[in-house]
Every structure is written in structure tokens, then in C-alpha cells.
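Next come the chains, spelled out residue by residue.
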Amino acid sequence: MNNFALKFNIYDHIGYLVVGAVGILLFYFNLTLLNITWFPKFDLSTFIIWVIIAYFTGHLIQAIANIFIKERKEEFSEDEKRILNIARDFFEIKDLPDSEIWNLCYMLGVAKDVTGQIQAFNAYYSLYRGWFIVFVGETIFLLGCIFFFFSWKNLVFLALSGLIAFLFFLRLKRFYHYLKSKVFHTFIIIKRIEFTEDSNHA
């Protein structure tokens, strides 16, 4: 399991790099739209510096995402609430809200999920969330360009950026759903294994 955890921790860091790199590329693209030709050079001698900048930018974008994108962890379906009530008995904690019980299930799931799927879904969720913020920012920038410097080319870029942002929004919601489902499924399996072991020892 440690190998899986290490693998997907690496994926998390790669996610920061990719989100940051896309943000930097769009920033460069926006400078060209404004006919600004200045931009620091990119070659082998500056590669490490750009990796660090992209990594830092990725963290900054995810920090912005934390402000504007907040999943409603207090909202669960009836089936999910039944599993959370079982989890209350499992953890022997009765007075915590559903959101805190969910967090405990998530932590347990990460520790016990030998497939690494929980970490994978969480990494993809973070990736699409970062890309969504990047393209929302790009869409806002292009709206300003349309207002001050209208051109059909900018209008096409605006439509494309808005479409990409919408698609990434759908993807981040889907992977959050995958994440929730996998956490609950993992907990059910853990609970079932514990019940079977207790029955065998009885």
C-alpha cells in the first residue's frame, strides 16, 4: 500500500505542475493577444526555474480554487446517510455531524484502499478543479478583450475558453462523485471484513 500512496502523492505533485504550466501558457497567450512581446526566455538553461515557477503557480491556483469551489460535504443521499450512521457505530462516535464522519471514512479509506483509487480520484478532482479556475480566469480576461478590443478571433477564443471551463466543471463534479462513492464502498468492505472476522472468532 505504501507504493500506491507514494505513486499517487507523486501524481498530486505532477498535478500542481500541470495546472501551473497551463496557467503560465495561457498567461503567455494573453500577452500575445495584447501585442506584448516581452516574456522571459524558456530553454534548457531556465528549465528548472520554470518547473519551480509552474509548481508554485499550481499551488496558487489551487489556493484560489479552495476559496471559490467548496463541495457541500454536509449534503448526502439517504443511502449515504445510512452508511454514515453505520460509520458512527463503527467509530463509536455519536455526536459528530455527517461531514466529520465522512472525513473519518475518507481517512480510513485512504489508509486501507490498496488499489489507490481514492487517491487517484482525489488527484483527478484537484487537477480538473485547477484547470477549471484557470479557464474561468481566461474567460473573464477574454470578456474584457471583447469589450475593449472586439474581434471575431477573440470571440472564438472566448467561446472556446468558456466551453473548456464548462467541461472541466463537469469533470471535477464527476470525479468528486467517484471519490465519494469509492470512500463509501471502501468503508462498507472494511466493515464487512471486520464483521466476518468477528464471526469467525466467536
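Scroll up to find the structure.
What you see is a predicted model; the values in this text were computed from it and never measured.

(A) Focus on helix H3 (residues 78–91). A rise of 1.5 Å per residue sets the reference length of H3, with its 14 residues, at 20 Å; its end C-alpha atoms lie 20 Å apart and thus fit the reference within 8%. For H3, the full list of buried residues reads Glu80, Ile83, Leu84, Ala87 and Arg88. Down the axis of H3, the smallest arc covering the buried residues is 155°, so these residues share one side. Positive backbone phi, at 55°, marks glutamate 92, one or two positions downstream of H3.

(B) Structural view of the packing of aromatic side chains. The full count for this structure, using the stated rule, is 22 aromatic pairs. Look at phenylalanine 132 and phenylalanine 169: their rings are 5.4 Å apart centre to centre, the planes differ by 45°, and that puts the pair in the tilted class. A residue pair is termed long-range when its members are at least 10 positions apart, and phenylalanine 132 in helix H5 (residues 117–148) and phenylalanine 169 in helix H6 (residues 152–201) qualify at 37 residues. Each member of the aromatic cluster is reached from another via a ring pair, and the members are Phe121, Tyr124, Tyr128, Trp131, Phe135, Phe168, Phe175 and Tyr178.

(C) Representation of the nonpolar core within the structure. Ranked by internal contacts, the top residues of the largest apolar core, which has 33 residues, are Ile69, Trp102, Trp131, Phe132, Val134 and Phe135. Elements represented by at least two residues in this core include exactly helix H1 (2–33), helix H2 (47–68), H3, helix H4 (98–112), H5 and H6. Here this core takes 10 residues from H6, the largest share from any one element. Apart from residues no more than four positions distant in its own chain, valine 134 is found in contact with Val19, Val22, Gly23, Leu26 and Ile61.

(D) A look at a nonpolar patch on the surface. Taken together, the side chains of Leu34, Ile36, Trp38, Phe147, Phe148 and Phe149 define a hydrophobic patch exposed on the protein surface, amounting to about 740 Å² of accessible area. Examined against the element boundaries, phenylalanine 148 turns out to sit in helix H5.

Rules used throughout
Starting afresh in each chain, residues are numbered from 1 along the sequence in its written order. Local features in a predicted model are, by the rule used here, given only for residues with pLDDT of at least 70; side-chain atom pairs are given and counted only at 80 or more, and totals for whole chains, interfaces and linings are based on all residues. By convention in this description, side-chain values take in all heavy atoms of the structure and omit both hydrogens and water. Counting from the N terminus, the helices are the DSSP runs of H or I reaching at least four residues and the strands are the DSSP runs of E reaching at least two. Each helix should span, by expectation, one fewer than its residue count multiplied by 1.5 Å. Only protein chains enter the accessibility calculation, which uses a 1.4 Å probe; a residue is then buried when its area is under 20% of its type maximum, exposed when over 50%, and partly exposed in between. Taking the helix axis as origin, the arc is that swept by the directions to the C-beta atoms. Working definition: a ring pair exists when centres of Phe, Tyr or Trp rings (six-membered ring for Trp) sit within 6.5 Å. Plane angles under 30 degrees give stacked, over 60 give edge-to-face, the rest tilted. For this analysis, a nonpolar core means a set of buried residues of the types Ala, Val, Leu, Ile, Met, Phe, Trp, Tyr and Cys, connected via side-chain atoms within 4.5 Å. The criterion used for residue contact is that any of the two residues' heavy atoms lie within 4.5 Å. Only residues whose relative accessible area exceeds 30% and that take part in no salt bridge are eligible for patches, with like-charged residues grouped when within 9 Å of each other and nonpolar side chains (Val, Leu, Ile, Met, Phe, Trp, Tyr) grouped when within 5 Å. Throughout, the Shrake-Rupley method with a 1.4 Å probe supplies accessible areas, and for residues the shown protein chains are the sole cover considered. Definition used for salt bridges: Asp or Glu carboxyl oxygen within 4 Å of a side-chain nitrogen of Lys or Arg.

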